[in-house]
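Here are the chains, one letter per residue:
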Amino acid sequence: MLEMKRIRLEIRSETDRSYDVLVGRGILDSLHSEIQRLGSFSSYGLVTDEVVRPLVAEPLQNQLRSNSIDTTLIALPPGESAKTIGTVLDLCQQLLAQGFDRKSLLLAVGGGVVGDITGFAAAIYMRGIPYIQVPTTLLAQVDSSLGGKTGVDLPSGKNLLGAFHQPRLVLSDLDVLTSLSSDARRDGFAEVIKAALIEDPELFSILEREGADLLDPGNSLLQTIIAKACAVKCRVVNRDERESGLRRILNFGHTLGHALEAATNYNISHGQAVAIGMGLAVRLSRQWVGLSEDNADRALDLIQKLGLPTDIPKNIDPEALLVPLEKDKKIQAGICHFVLLAEIGRAVIHPIPVGDLQKSLQKITRH
Ligand SMILES: NC(=O)c1ccc[n+]([C@@H]2O[C@H](COP(=O)([O-])OP(=O)(O)OC[C@H]3O[C@@H](n4cnc5c(N)ncnc54)[C@H](O)[C@@H]3O)[C@@H](O)[C@H]2O)c1
Ligand SMILES: [Zn+2]
C-alpha cells in the first residue's frame, strides 16, 4: 500500500457528473494528462492566492505550458478576508475581459479559501462552467475540496452565500504540503482525526500508533492517511450529496467548534476550535450515548498527541457557547442535535435538551 503512487477515489453525483479524487506524491506532474482526459476546453484560468502563487501556481503554470496548456493566472489576496462576493465579482470580470466562455476550465490552486471562491465563481459565471480543485493545504485536501460546496462570507456570517457545484476532478499532491506552517498542518489534522472518529477505526489506529510523527511532512504514511480521510468524506458525500441527513456527521466537533469561533471573535484557528469541539463531543458521548471510558480517553489522547487542545480556554465561560448556538438556530424547541460517538468510528446524531447541555458543559469544564 505504501508503494502506491496514486489513489483514485470517486464521488458520485446526482446533479453533476461523477469525478475522480486523486491523492499521491508528485502527481501534479501529470495534471496536464488528467485535464486532457476530461475533454477539450476553450481556455484555462489558474486561480490562486498571492502566497501560493510562487510556491505552487507559477511552477504549475510553467509545467502546463510546456505540455501545451496555456493558463491565465489570477492571484487573489490570501486569507479568509478575501472570501467575499466582491472578490467573486472581480474574478468574474477578469474572466470576461479575458474572453472566458462556457467551455473554459478553471483550476483552483490553493487552500479552502481559493477553492470556495473559485468554485463559486465557476458555479455562477455564465450559469456554470467546469472547474477542478488542486488543494494545497491539508484542510483543503481532506475536506473543503471534496463535495462541491462552494461559497463566500457575508459581513454577518461565514459561508452565507453559496452554491453546490461539483468539480470535474480533485488532485491532491502531498508534495505541496511541505511549505505549510506547522500550525496549519496541526489544524488540518483536526479534520483527519474527525474523519477517523466518525467513520474509520482503522485510520484511528494508524493515527494513534504514529502520533506526533505525522506532523513531519515527509512521513511515509501520510499518503495512506490523507487518502483514508478523503475516502471518508467521499463515502459520506456519496450517501448524501445535498446534506439532507447523513452528511451532518461531518459536523462532528463543529457545532461547539463554530460556537467557540464565534464566542472568541474568530481569535482561535478553525482546527483548534474543532479540536476543542471534538473534545467536548467525546465527553458528551460518554454521558449521552455510552462511549466507553477507555475509548473516550483514547480519542482525547490522540487529539492532544497531534498538538491540539481538547478543553475550552480558561477565559471563556462555557455558557458563552450557548449564545451562538441559539443565534445559529442550532437550538430548536429547547433541543440541540449533536453528532456524538457511540464507538470510535461510529457517529450518531443525538438530541440534548439545552438545560442538560448547560449542566453537561459545566460538569465537563470543571474537570
Ligand atoms: N467547501 C467546503 O466544504 C469547506 C469545508 C471546510 C472548510 N471550508 C473553507 O475553507 C477555508 C479554510 O481553508 P484553509 O485552511 O485551507 O485556509 P486558506 O485557504 O486561507 O489557507 C491558509 C493559508 O495558507 C496559505 N497556503 C495555502 N497553501 C499553502 C502551501 N502549500 N504552503 C504555504 N502556505 C499555503 C494560504 O495562502 C493562506 O494564507 C475556510 O474559508 C472554510 O470556510 C470549506
Ligand atoms: Zn472544519
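Starting from 1, residues in each chain are numbered consecutively following that chain's sequence as written. Written order decides the labels, with chains lettered from A and ligands numbered from 1. Totals for whole chains, interfaces and linings use all residues, but because this is a predicted model, local features are given only for residues with pLDDT of at least 70 and pairs of side-chain atoms are given and counted only at 80 or more. In computing side-chain values, all of the structure's heavy atoms are included and hydrogens and water are not.

A.B. asks: Can you lay out the domain arrangement of the protein chain for me, pointing to particular residues and giving the numbers?
C.D. replies: Entries for the protein chain in the domain assignment read domain 1 (6-179) and domain 2 (182-222 + 242-366). The domain limits used here are those given by an automatic or database domain assignment. Using only C-alpha atoms to locate each centre, domain 1 and domain 2 end up separated by 29 Å. Throughout, a contact is declared for two residues whenever any of their heavy atoms are within 4.5 Å. On the side of domain 2, 15 residues touch domain 1, which itself brings 14 residues to the contact. Roughly 1200 Å² is buried in total at the junction of domain 1 and domain 2, and carbon and sulfur atoms are behind 58% of that figure. As a working definition, buried area equals the accessible area (1.4 Å probe) given up by two parts on being put together, with both sides summed.

A.B. asks: Now, about the coordination of the zinc ion (ligand 2): what can you tell me, with residues and values included?
C.D. replies: Donor criterion used throughout: N, O or S atom within 2.8 Å of the metal, extended to 3.2 Å for Na, K and Ca. Water excluded; incomplete-looking sites may result. The coordination sphere of the zinc ion (ligand 2), as far as protein atoms go, consists of Glu-191 (OE), His-254 (NE2) and His-270 (NE2), spread over 2.1 Å. Ordering the donors of the zinc ion (ligand 2) by residue number gives the pattern E-x62-H-x15-H. Taken together, the positions of His-254 in helix H9 (residues 254-263) and His-270 in helix H10 (residues 270-289) put the pair 16 residues apart, joining distant regions of the chain. Think of it in three bands: residues with accessible area under 20% of the maximum for their type are buried, residues over 50% are exposed, and the middle band is partly exposed, with areas taken using a 1.4 Å probe on protein chains only. A relative accessible area of 24% means that His-270 is categorised as partly exposed. Runs of E in the DSSP output that reach at least two residues are strands. Runs of H or I that reach at least four are helices, and both are numbered from the N terminus.

A.B. asks: So, the site of ligand 1: which residues are in play, and what are the values?
C.D. replies: We call a residue near a molecule or strand as soon as one heavy atom of that residue lies within 4 Å of the molecule or strand. Taken together, 23 residues lie around ligand 1, and Asp-49, Glu-80, Thr-136, Thr-137 and Ser-179 are the ones closest in. Pairs of N or O atoms are called polar contacts if they sit within 3.5 Å, as long as, within protein, a hydrogen donor faces a hydrogen acceptor (for residues adjacent in sequence, only side-chain-to-side-chain pairs). Within the side chain of Asp-49, an N or O atom sits 2.7 Å from an oxygen atom of ligand 1. The set of elements that each furnish at least two residues to the shell around ligand 1 consists of helix H2 (52-65), helix H4 (112-124), helix H5 (138-144) and strand S8 (157-164). Residues of the shell around ligand 1, tallied by class, amount to eight nonpolar, seven polar and eight charged. Each residue is assigned to one class: nonpolar for Ala, Val, Leu, Ile, Met, Phe, Trp, Tyr, Cys and Pro, charged for Asp, Glu, Lys and Arg, and polar for all the others, Gly among them.

A.B. asks: Tell me what's going on with a negative patch on the surface, and back it up with residues and numbers.
C.D. replies: Patch construction takes residues with relative accessible area above 30% that form no salt bridge. Like charges are linked within 9 Å, and nonpolar side chains (Val, Leu, Ile, Met, Phe, Trp, Tyr) are linked within 5 Å. Working definition of accessibility: Shrake-Rupley area with a 1.4 Å probe, residue cover restricted to the visible protein chains. Salt bridges, as used here, are contacts in which a Lys or Arg side-chain nitrogen is within 4 Å of a carboxyl oxygen on Asp or Glu. Positive charge is attributed to Lys and Arg, negative charge to Asp and Glu, and no charge count is given to His or to the chain ends. Charge placement uses NZ in Lys and CZ in Arg. For Asp and Glu, CG and CD serve respectively. On the surface, Glu-293, Asp-294, Asp-297 and Asp-301 cluster together into a patch of negative charge. Note on placement: Glu-293 falls in helix H11 (residues 293-305).

A.B. asks: Can you tell me about the pairing of S8, naming the residues and giving the values?
C.D. replies: By the convention used here, strands pair only if DSSP detects at least 2 bridges between them. Across five bridges, strand S7 (residues 149-154) lies against S8 in antiparallel orientation. Pairing of Thr-150 across the sheet is with Ala-163, part of S8. Between S7 and S8, which follow one another and run antiparallel, lie two residues.

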